[in-house]
Each structure stands twice: as structure tokens, then as C-alpha cells.
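Working through the structure, step by step
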Amino acid sequence: MTAFTTKTFDVALLSAGLFAGTAFAQTAGMVDVDDDVMVPPFNVTVDDLDDMDVYDAAGTEIGEIEEVVGTDANTPTAFVVDFDGEGYGDEERVIGLENFAMDGARMTLSLDAAAVATMPIDD
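What you are looking at is a predicted structure, and each value in this text was computed from that prediction instead of being measured.

The rules behind each value
- Residues numbered from 1 in each chain as written.
- Predicted model: local features only at pLDDT ≥ 70, side-chain atom pairs only at ≥ 80, totals over all residues.
- Heavy atoms only, no water.
- Helix = DSSP H or I, 4+ residues; strand = E, 2+ residues; numbered from the N terminus.
- Contact = heavy atoms within 4.5 Å.
- Core = buried A, V, L, I, M, F, W, Y, C linked by side-chain atoms within 4.5 Å.
- Buried < 20%, exposed > 50% of the residue type's maximum accessible area, 1.4 Å probe, protein only.
- Patch = residues over 30% accessible without salt bridge, like charges linked within 9 Å, V, L, I, M, F, W, Y side chains within 5 Å.
- Areas by Shrake-Rupley, 256 points an atom, 1.4 Å probe, with all protein chains shown as cover.
- Salt bridge = Lys/Arg side-chain N within 4 Å of Asp/Glu carboxyl O.
- Lys, Arg positive; Asp, Glu negative; His and termini not counted.
- Charge placed at Lys NZ, Arg CZ, Asp CG, Glu CD.

To continue, consider the side chain of N99. Note on placement: N99 falls in the loop between strand 7 (92-96) and strand 8 (100-103). The contact partners of N99, leaving out residues within four places of it in the chain, are T108, L109, S110 and L111.

Shown next, in the form of C-alpha cells:
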């Protein structure tokens, strides 16, 4: 390997490490929100949202809410959504509340699969 190639490789590794650290930092410090806490944008409690199905803009079921998380046990800021395929992968991702709308008993995610793929994975 030449010196240039080695430096390029080292920079790529460092960049990958910093990117991974950023994704981790977004979920670090998040805690489960208590079941009886109201989630203001939706006027329902955390318990009401537990296991609620999530739909995409076309009305296809794409997953369910596994938990509501936030900066503390009384401040909901995101959902952990367990996606079940349909192009969204088969993993749990942390997605901010601002990306959801509730219409009656239906929770709709405004992000497409490509945008969801950029959201932090819940470990």
C-alpha cells in the first residue's frame, strides 16, 4: 500500500467511526417514558400508543410502536418503531414524534423507507 492509500484508508475509517458515534449519540440518554404520561401531539397516553400499528402515507401497515422514549420519564420525544419489512427493513428504529400524524386510531409515518434507513437503530 502506498502512503496515500494508507492515509485515505485511515481517513475513511475515522469518518465511519465518527458517523457511527453520531448515530449512537442520538439515542444515548433516551429513556422509556412512563405509561401514564400524555403524549401532547396525539392527546393520548404512552400506554395507549404501546403496540399501535404504524402505516406509511399510502396506508400500508409497516410496523408498530414498541416504546415511547424521551429525555426523561415524563418527556416523550420519539417512538421506537419495530418495522416488519415492506421495504423498511426488519429492525427497530428511533424516530422523532414530529414525523408522525394520528388520524383517529391510525398512526401514520411521514418518512419514506430511505429516510427511515437513516434513523438510529434501537439496540
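With that settled, consider the nonpolar core. Counting residues in each nonpolar core, the largest one holds 23 residues, and the members touching the most others are L49, F79, F100 and L109. Contributions of two or more residues to this core are made by helix 2 (46-49), strand 5 (61-72), strand 6 (75-83) and strand 9 (106-109). What L109 contacts, discounting residues up to four positions off in sequence, is V54, Y55, D56, A57, I62, F83, I95, N99, F100 and V116.

Of note in this structure, N43 is not a glycine but carries a positive phi near 55°. Checked against the element boundaries, N43 lands in the loop between strand 2 (38-39) and strand 3 (44-45).

Let's shift gears to a negative patch on the surface. On the surface, a cluster of negative charge is contributed by D32, D34, D35, D36, D47, D48, D50, D51 and D72. Note that D32 resides in strand 1 (residues 31-32). With relative accessibility at 48%, the residue D32 sits in the partly exposed group.

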